[in-house]
Amino acid sequence: MIVSFTGDPFLARRAAQAEAELRGLEWRLLPPEPMTVQQAAGGGLFGPGGAIVDLREAGEAEWKALRPVLEALPQESVVLLYDPKPTAARSRWLGKHSEKRDHPTPRYREKTRWVTNEMKRMGLKAPAAVAHYLGELEADLEAIHAELEKLTLLDGPLTLERVKAVVALEPPLSSFDLVDAAAAGRFERAMKLLRGLLDRGEEPLRILGALSKHFTRAAVLWAELERRNLTDKEAAALLKLHPFAAKKLLAFARRIDEARLLRALDALAEAEKAAKTGRDPVLALERVLLALRG
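Keep in mind that what you see is a predicted model, and the values were worked out from it rather than measured. (Residues numbered from 1 in each chain as written. Predicted model: local features only at pLDDT ≥ 70, side-chain atom pairs only at ≥ 80, totals over all residues. Heavy atoms only, no water.)

Enquirer: Now, about the pattern of salt bridges: what can you tell me, with residues and values included?
Expert: This model, assessed by the stated rule, comprises 13 salt bridges. With a shortest N-O distance of 2.5 Å, Glu286 and Arg195 are connected by a salt bridge. Of this pair, Glu286 sits in helix α15 (residues 281–293) while Arg195 sits in helix α10 (residues 187–199), and the two are 91 residues apart along the sequence. With a shortest N-O distance of 2.6 Å, Arg228 and Glu224 are connected by a salt bridge. Taking the relative accessible area as the measure of exposure, Arg228 reaches 35% and is therefore partly exposed. Judged by relative accessible area, which is 14%, Glu224 ranks as buried. Within the structure, one salt-bridge network assembled from shared partners comprises Glu19, Arg23, Glu99 and Arg101. (Salt bridge = Lys/Arg side-chain N within 4 Å of Asp/Glu carboxyl O. Helix = DSSP H or I, 4+ residues; strand = E, 2+ residues; numbered from the N terminus. Buried < 20%, exposed > 50% of the residue type's maximum accessible area, 1.4 Å probe, protein only.)

Enquirer: Can you tell me about α10, naming the residues and giving the values?
Expert: Owing to its 3.6 residues per turn, the α-helix aligns residues three or four sequence positions apart on the same side. A rise of 1.5 Å per residue sets the reference length of α10, with its 13 residues, at 18 Å; its end C-alpha atoms lie 18 Å apart and thus fit the reference within 8%. The first or second residue beyond α10 is Gly201, which carries a positive phi of 100°. (Expected span 1.5 Å × (residues − 1).)

Enquirer: Please give an account of the pairing of strand β4 (residues 78–82) that cites residues and values.
Expert: Burial of β4 is extensive: five of the five residues sit out of reach of the surface. Judged by which residues are buried, β4 turns out to be covered on both faces: Val78, Leu80 and Tyr82 on one side and Val79 and Leu81 on the other are all buried. Inspection of the sheet shows strand β1 (residues 2–7) paired to β4 by four bridges, in the parallel sense. Bridging across to β4, Val3 finds its partner in Leu80. As defined by bridge partners, strand β3 (residues 50–54) adjoins β4 across five bridges and the pair is classed as parallel. In the sheet register, Val53 faces β4, and the bridge partner there is Leu81. The β-α-β motif built from β3, the intervening helix α3 (residues 60–72) and the parallel element β4 has right-handed crossover chirality. (Pairing = 2+ DSSP bridges. Right-handed = clockwise from strand over helix to strand, strands pointing away.)

Enquirer: Provide a residue-level description of the sheet that holds β1, including the pertinent values.
Expert: Each strand in a sheet pairs with its neighbour through backbone hydrogen bonds, running either in the same direction (parallel) or in the opposite one (antiparallel). Reading across from one edge, β2-β3-β4-β1-β5 is the order of the five strands in this open sheet, with parallel pairing throughout. The outermost strands of the open sheet, each flanked by one partner alone, are β2 (29–30) and β5 (99–103).

In short, geometric facts, not functional conclusions.
Set out below in structure tokens:
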């Protein structure tokens, strides 16, 4: 029997570890070497064997050599394949020849919900704002989980301010302050915020991407507001965002006029084109802020 675990590396590994424990297998990742896997899965005097194979770095040649070994294994052999990001061809094979268990990385509200559930599982009690803050961090699930484990060592109530002081991860890149400053005509403030992000090590293209996402989402809400009124909950469902972020975007969409929205989208498109064709991405960002100001 072959069971594969794909999707988010942290979730897939945790699910594979749980399956290994259930089947009485020692958690020991084997390289994708045909003889090693065959020997481990073949069993011996004490019954059927079992192998846990790490396919994260497996190239096409390694996979091609391992595949016939897996296909020839007896039905009673147990092989767990840890393969978070398989190629398209390997994914098709896994779907056909294994019990494929996919664990996609949660996004947006699902990520916050995952943090909330992890906190409950770990016995952490904190305001909902803490889960929202952690769910918005630009970090993978393993890094966030490590910070949650750190929080379990603290005594006393977990406030948002205390969590922010303890968590050793960068806060999420927020385009709201940058956009609000530029749209309000506070160009110097916007430039200061931009410089702060760049000094922190943020990539210019990533900042451009955040601004583009901000205005694209605002455009969706603006167009919908032309047809009907929207509640915060409806905006969150439409954008698949956490209600807190959706509420801020909805307020922004209600404030901005069509001319400024179109000017912002045009400026952002031109800036991304300039940055991706070898021109100075920081200069492109500065031009965007100028365009948003007017």
